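Secondary and tertiary structure notes
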Amino acid sequence: MSKGKGAKGTKVSLKTAKKAIRMTPDGQRRLTLSNMGITTFPKCLLKLTNVDELDLSRNLIQKLPANIGNFLSLRWLDLHSNKLESVPESIGNLVGLTHLNLSNNHLTSAGLPSTLGSLSNLKSLNLGMNQLDTLPPTIAALDSLQELGLFDNLFIKLPEFVAVLRNLTKLNMKQNPLSYAQGNGEGTLREKTEPEEDVYLVHESSLCRTCLKRCKEQRERLTRGGGGGDVFEDKRIRTYPGLMVPNSVATVNQDVWRIRKVQHKPIKCC
């Protein structure tokens, strides 16, 4: 596959890249150059105008070429587990992209261009395991986005634009120092003591018939105030005669209660 491997890492020639192109089951032309010790993005790849999917994951690439946006045929781009610190502005030209994986790099918020918001066909965006604390507000324009990975970053709050991404069905915010506002109304933030769990937003259309039916039944039980089966615990408040609330202290001691228990009302004769 490689033309040579020296101190500067593996070099990929146009000839070997062409030979590595494979057809996927769904008819896409895919070029896989993963885990090859590549340190510099092979610029010769930009001459491949018929590649739909490119996998350069698990390499040592530190920088993408400024003209990466000329790779107009791309629909799927995987660059996870490299050493990228920024993304070129021209990536916004790849309007045909549906999947973009930039996870496990060295990306900072300053290294993300606003042109990411131009990827109007993007369905999956993975930015996990980086050094991000904010995202370009232009991402709110990604109407086709269905999955967004932001796990293992530096976010202290959920990005506000998430609420307007109407097709978003999955959001992963695990392992972020998420904080919350409290008490004094000044928006003071305090770290949570426990790690944040995964957050998943699932649309009904993404569920199978069985799961959808189960969720609807559980929602109806909660709406009616009924029990929730194995998933939801019955939260209805029960009252017990002779007990005081909220501390459930008996109004009388056990001896008096026993006496009252055995007392009988007098029988009235006709």
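This one's a predicted model, so the numbers in the text were calculated from it and none came from an experiment. (Residues numbered from 1 in each chain as written. Predicted model: local features only at pLDDT ≥ 70, side-chain atom pairs only at ≥ 80, totals over all residues. Heavy atoms only, no water.)

A word on the overall build of the protein chain
Our working definition: Helix and strand assignments follow DSSP, with helices taken as H or I runs no shorter than four residues and strands as E runs no shorter than two, numbered in order from the N terminus. Working definition: with a 1.4 Å probe on protein chains only, accessible area under 20% of the residue-type maximum means buried, over 50% means exposed, and in between means partly exposed. To be clear on the numbers: accessible area is Shrake-Rupley with a 1.4 Å probe, and residue cover counts the displayed protein chains and nothing else.
Looking only at helices and strands, one finds three helices and 14 strands in the protein chain. Within the protein chain, buried positions represent 37% of all 270 residues. Per element, the accessible surface of the protein chain, about 17,600 Å² overall, is 51% carbon and sulfur.

Concerning the environment of Glu147
When you line up the elements, Glu147 lands in strand β9 (residues 147–149). Separated by 25 residues in sequence, Glu147 and Leu122 have C-alpha atoms that sit 9.3 Å apart.

Examining the confidence of the model for the protein chain
For clarity, the cut-off: You can read pLDDT as the predictor saying how much it trusts each residue, on a scale of 0 to 100. Here, residues are in contact when the closest pair of their heavy atoms is within 4.5 Å.
The predicted model of the protein chain averages 79 in pLDDT, with 68% of residues at 70 or higher. Per-residue pLDDT stays below 50 along residues 242–252; that stretch engages in 11 contacts with residues further than four places along the chain or on separate chains.

Describing the sheet that holds strand β8 (residues 124–126)
We count it as follows: Any two strands between which DSSP finds at least two bridges are classified as paired. Lines are fitted to the C-alpha atoms to define the axes, a helix being fitted only along its stretch in contact, and any angle between axes, read from their N-to-C directions, falls within 0 to 180 degrees.
With respect to topology, eight strands assemble into an open sheet ordered β3-β4-β5-β6-β7-β8-β9-β10, the strand pairing being mixed. The outermost strands of the open sheet, each flanked by one partner alone, are β3 (21–23) and β10 (170–172). When strand polarity is set aside, the average angle formed by the axes of neighbouring strands in this sheet is 10°. Relative to β10, β9 runs parallel, the two sharing three bridges. The residue of β10 that forms the bridge with Leu148 is Leu171.

Regarding the pattern of salt bridges
Pairing of side chains with opposite charge becomes possible as their charged atoms draw close. Definition in use: We count a salt bridge whenever a side-chain nitrogen from Lys or Arg sits within 4 Å of a carboxyl oxygen from Asp or Glu.
Taken as a whole and judged by the stated rule, the model has two salt bridges. For Glu53, the salt bridge is made with Arg30, and the minimal N-O distance between the two is 3.8 Å. Taken together, the residues span a long stretch of sequence, with Glu53 in strand β5 (residues 53–55) and Arg30 in strand β4 (residues 29–32) at a distance of 23 residues. With relative accessibility at 26%, the residue Arg30 sits in the partly exposed group. Asp55 serves as the salt-bridge partner of Arg30, at 3.8 Å between the closest nitrogen and oxygen. Here Arg30 is found in strand β4, whereas its partner Asp55 is found in strand β5, with 25 residues between them in sequence. Asp55 sits in the buried class, given a relative accessible area of 7%. A cluster of three or more residues bridged by salt bridges with shared partners is formed by Arg30, Glu53 and Asp55.

A closer look at unusual backbone geometry
Positive phi, normally seen in glycine, also occurs at Asn35, with a value near 55°. Tracing the backbone shows Asn35 in the loop between β4 and β5. Relative accessible area serves as the criterion here: at 58%, Asn35 is assigned to the exposed category. The backbone of Asp152 shows a phi angle near 55°, a positive value even though the residue is not glycine.

Details of the side chain of Ser90
The criterion, for reference: Residues adjacent in sequence count toward polar contacts only when both atoms are side-chain atoms; beyond that, a polar contact is any pair of N or O atoms within 3.5 Å, and within protein one must be able to donate a hydrogen and the other to accept it.
With respect to the helices and strands, the residue Ser90 is situated in the loop between β6 (76–78) and β7 (99–101). At a separation of 2.5 Å, a polar atom in the side chain of Ser90 contacts the main-chain carbonyl oxygen of Ala66. Looking at Ser90, its side chain comes within polar contact range of the main-chain nitrogen of Gly69, at 3.2 Å. Residue contacts for Ser90: discarding those within four places in its chain leaves Ala66, Asn67, Ile68 and Gly69.

Some words on the nonpolar core
Short version of the rule: In this description, a nonpolar core means a group of buried Ala, Val, Leu, Ile, Met, Phe, Trp, Tyr and Cys residues linked to one another through side-chain atoms lying within 4.5 Å.
In terms of nonpolar packing, the biggest core is built from 52 residues, with Leu31, Phe41, Leu45, Leu54, Leu56, Leu100 and Leu135 touching the most fellow members. In this view, Leu100 contacts Leu77, Ile91, Leu116, Leu119, Leu122, Ser124, Leu125 and Asn126; residues no more than four positions away in its chain are not counted.

Some thoughts on the environment of Thr115
Assignment of secondary structure puts Thr115 in the loop between β7 and β8. In this structure, the C-alpha to C-alpha distance between Thr115 and Leu94, residues 21 residues apart in sequence, is 9.9 Å. Setting aside residues no more than four positions away along its own chain, Thr115 makes contact with Pro88, Glu89, Ile91 and Gly92. Separated by 2.7 Å, the side chain of Thr115 and the backbone oxygen of Glu89 make a polar contact.

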